[in-house]
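Structure assessment
Residues per chain, in single letters:
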Amino acid sequence: MSVYRYNRRVSYYETDKMGIVHHTNHIRFFEEARVNFMYSIGCDVRELEKKGIFIPNVDAYAKYVKPIKFFDDICVEVKLVKISGAKMQYEYTITLCGTGKIAATGSTTHCFVHSDMTPVNIKKIDPQFFENLKNNISE
């Protein structure tokens, strides 16, 4: 699976006074899509957290191309583009389902840490989790 697609409808509370999705919500859309992608490939974030391993976001970028409005159906495409024992990087494209027009693009980078925020090598701590990610990297 090189590209994962996550569909959702925009809620009213996600919009601002101008009637468009507030810019901070694009990062949330990325997160929803990423967590669902990971779950779909056998990398349940909840299970990892039960083991005391967390995946904080260390970098996030969004480019806003076209406004997204209340009740728009959107598709968030997720691609895992880099993975190592220490971190992983994703790229995203948000499109409007009705037209297929690009509304936003972006990327996030995440590291793996213990609950005390010390770095951890996921390849050593949970080899299966790492392999599931590695086997789904986008080329």
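Above this text sits the structure in question.
Everything numeric in this text was worked out from a predicted model, so none of it was measured. (Residues numbered from 1 in each chain as written. Predicted model: local features only at pLDDT ≥ 70, side-chain atom pairs only at ≥ 80, totals over all residues. Heavy atoms only, no water.)

Points about the packing of aromatic side chains
All told, the structure shown has six aromatic pairs when counted by the stated rule. Centre to centre, the rings of phenylalanine 37 and tyrosine 90 are 6.0 Å apart; their planes meet at 80 degrees, and the pair counts as edge-to-face. Here phenylalanine 37, found in helix H1 (residues 24-40), pairs with tyrosine 90, found in strand S5 (residues 87-96); they are 53 residues apart in sequence, far enough to count as distant. Judged by relative accessible area, phenylalanine 37 falls into the buried class, the value being 1%. Between tyrosine 90 and tyrosine 92, the ring centres sit 6.3 Å apart and the planes meet at 25 degrees, which makes this aromatic pair stacked. (Phe/Tyr/Trp six-rings, centres within 6.5 Å; stacked < 30°, edge-to-face > 60°. Helix = DSSP H or I, 4+ residues; strand = E, 2+ residues; numbered from the N terminus. Buried < 20%, exposed > 50% of the residue type's maximum accessible area, 1.4 Å probe, protein only.)

Considerations on the pairing of strand S6 (residues 102-111)
Of all 10 residues that make up S6, eight are buried, and the element is covered over most of its length. In terms of strand pairing, strand S3 (residues 57-64) meets S6 through seven bridges, oriented antiparallel. Bridge pairing in S6 links tyrosine 61 to serine 107. Bridging between S5 and S6 involves nine bridges; their strand directions are antiparallel. Within the sheet, the bridge partner assigned to tyrosine 92 lies in S6 and is glycine 106. What sits between the antiparallel neighbours S5 and S6 is a turn of five residues, in which glycine 100 has the positive phi angle 75 degrees. (Pairing = 2+ DSSP bridges.)

With respect to H1
Between the first and last C-alpha of H1 there are 25 Å, a value that for 17 residues agrees with the 24 Å anticipated at 1.5 Å per step. Of the residues making up H1, those classed as buried are Asn25, His26, Phe29, Phe30, Ala33, Arg34, Phe37 and Met38. Glycine 42 sits one or two positions beyond H1 and adopts a positive phi of about 90 degrees. (Expected span 1.5 Å × (residues − 1).)

Quick look at the state of the cysteines
One pass over the structure, following the stated rule, counts zero disulfides. Left unpaired, cysteine 97 is separated from the closest cysteine sulfur, that of cysteine 75, by 5.5 Å. In this structure cysteine 97 comes out as partly exposed when scored by relative accessible area, which is 38%. (Disulfide = S-S within 2.5 Å.)

Here's the deal with the pattern of salt bridges
Scanning the model with the defined rule gives seven salt bridges in all. Here arginine 8 and glutamate 32 are joined by a salt bridge, their closest N and O atoms 2.7 Å apart. With a gap of 24 residues between them, arginine 8 in strand S1 (residues 4-9) and glutamate 32 in helix H1 connect regions that are remote in the sequence. Across the pair aspartate 126 and lysine 51 runs a salt bridge, and its minimum N-O distance is 2.7 Å. Taken as a pair, aspartate 126 in the loop between helix H3 (122-125) and helix H4 (127-134) and lysine 51 in the loop between helix H2 (45-50) and strand S2 (53-54) lie far apart in primary sequence, 75 residues in all. You can call aspartate 126 buried: its relative accessible area is 11%. Overall, lysine 51 belongs to the exposed group, its relative accessible area being 55%. One salt-bridge network, in which partners are shared between bridges, spans Arg8, Glu14 and Glu32. (Salt bridge = Lys/Arg side-chain N within 4 Å of Asp/Glu carboxyl O.)

Thoughts on the sheet that holds S3
Pairing is antiparallel in the open sheet, where five strands are placed in the order S1-S4-S5-S6-S3. The sheet is open, and its two borders are formed by S1 and S3, each paired with just one other strand. Strand-to-strand twist of the sheet, defined as the mean angle between neighbouring strand axes without regard to direction, takes the value 20 degrees. Relative to strand S4 (residues 73-83), H4 is tilted by about 115 degrees, and along the sheet it contacts S4 and S5. (Axes fitted to C-alpha atoms, helices over the stretch in contact; angles between N-to-C directions. Contact = heavy atoms within 4.5 Å.)

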